[in-house]
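Per-entry structural report
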Amino acid sequence: MANDNDSGSSLLAIVGAAAIGAAVGATAALLLAPKAGEETREGLKVVADKARVRAEELKNKVVETVDELKQRMDEHFPMKCSEDAEEAVEEADEEAPAEA
């Protein structure tokens with residue numbers, strides 16, 4: 001069970017590190033390699049397009065991982081929380097003294 005949680009945390013750490021690295025790299029590129037305005041805008045467009053594609057890929061990976069974790073949880077704990085709550089209410093009703 002700890003491994004499931006660790007894999008989710010690891011994925012989030014990787015996604016966060018990738019986002020920070022991309023932002024730092026883009027900033028450094030702009031500051032250290034001055035170009036004409038049109039070239040800079042075109043470069044930014046290319047970087048933004050690549051970042052958009054990468055973000056979509058990461059989002060899909062996160063969604064896939066969350067779905068896998070949900071499936072594993074359903075396999076290990078097949079009863080849903082609402083069913084647990086209903087069962088608890090029924091047990092409490094059975095154990096409660098009848099009111100006059």
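Figured I'd write up the structure that's included with this text. Note that the coordinates shown come from a computational prediction; the quantities given were computed from them, not determined experimentally. (Residues numbered from 1 in each chain as written. Predicted model: local features only at pLDDT ≥ 70, side-chain atom pairs only at ≥ 80, totals over all residues. Heavy atoms only, no water.)

Broken down by element type, the chain carries three helices and zero strands. Counting every position in the chain, which comprises 100 residues, the buried fraction comes to 5%. Carbon and sulfur atoms provide 61% of the accessible area of the chain, an area that totals close to 8300 Å². (Helix = DSSP H or I, 4+ residues; strand = E, 2+ residues; numbered from the N terminus. Buried < 20%, exposed > 50% of the residue type's maximum accessible area, 1.4 Å probe, protein only. Areas by Shrake-Rupley, 256 points an atom, 1.4 Å probe, with all protein chains shown as cover.)

On the surface, Glu86, Glu87, Glu90, Glu91, Asp93, Glu94 and Glu95 cluster together into a patch of negative charge. When you line up the elements, glutamate 87 lands in helix α3 (residues 81-95). With a relative accessible area of 35%, glutamate 87 lands in the partly exposed category. (Patch = residues over 30% accessible without salt bridge, like charges linked within 9 Å, V, L, I, M, F, W, Y side chains within 5 Å. Salt bridge = Lys/Arg side-chain N within 4 Å of Asp/Glu carboxyl O. Lys, Arg positive; Asp, Glu negative; His and termini not counted. Charge placed at Lys NZ, Arg CZ, Asp CG, Glu CD.)

Our focus in this paragraph is a nonpolar patch on the surface. A contiguous nonpolar surface patch, about 440 Å² in accessible area, is contributed by Leu30, Leu31, Leu32 and Leu44. Examining the composition of the nonpolar patch, we find that three residues originate from one element, helix α1 (residues 2-32), more than from any other. With respect to the helices, strands and loops of the structure, leucine 44 is situated in helix α2 (residues 37-76). For leucine 44, a relative accessible area of 39% translates into the label partly exposed.

Attention now moves to the pattern of salt bridges. As enumerated under the stated definition, the model contains four salt bridges in all. Here glutamate 57 ties to arginine 54 by a salt bridge, and the two come within 3.4 Å at their closest N and O atoms. Of this pair, glutamate 57 and arginine 54 both sit in helix α2, three residues apart, roughly one helical turn. By relative accessible area, which is 43% here, arginine 54 ends up partly exposed. One salt bridge in this structure joins glutamate 56 and lysine 59, with 3.4 Å as the shortest N-O distance. Here glutamate 56 pairs with lysine 59, and both are found in helix α2, just three residues apart, close to one helical turn. Relative accessible area serves as the criterion here: at 39%, glutamate 56 is assigned to the partly exposed category. On the basis of relative accessibility, which here comes to 44%, the residue lysine 59 falls in the partly exposed class.

This part is about the environment of leucine 30. Residue position: leucine 30 is located in helix α1. Overall, the relative accessible area of 43% leaves leucine 30 in the partly exposed class. Considered as a pair, leucine 30 and leucine 44 are 14 residues apart in the sequence and their alpha carbons are 8.7 Å apart. Sequence-distant contacts of leucine 30, that is, excluding residues within four places in its chain, are made with Thr40 and Leu44. (Contact = heavy atoms within 4.5 Å.)

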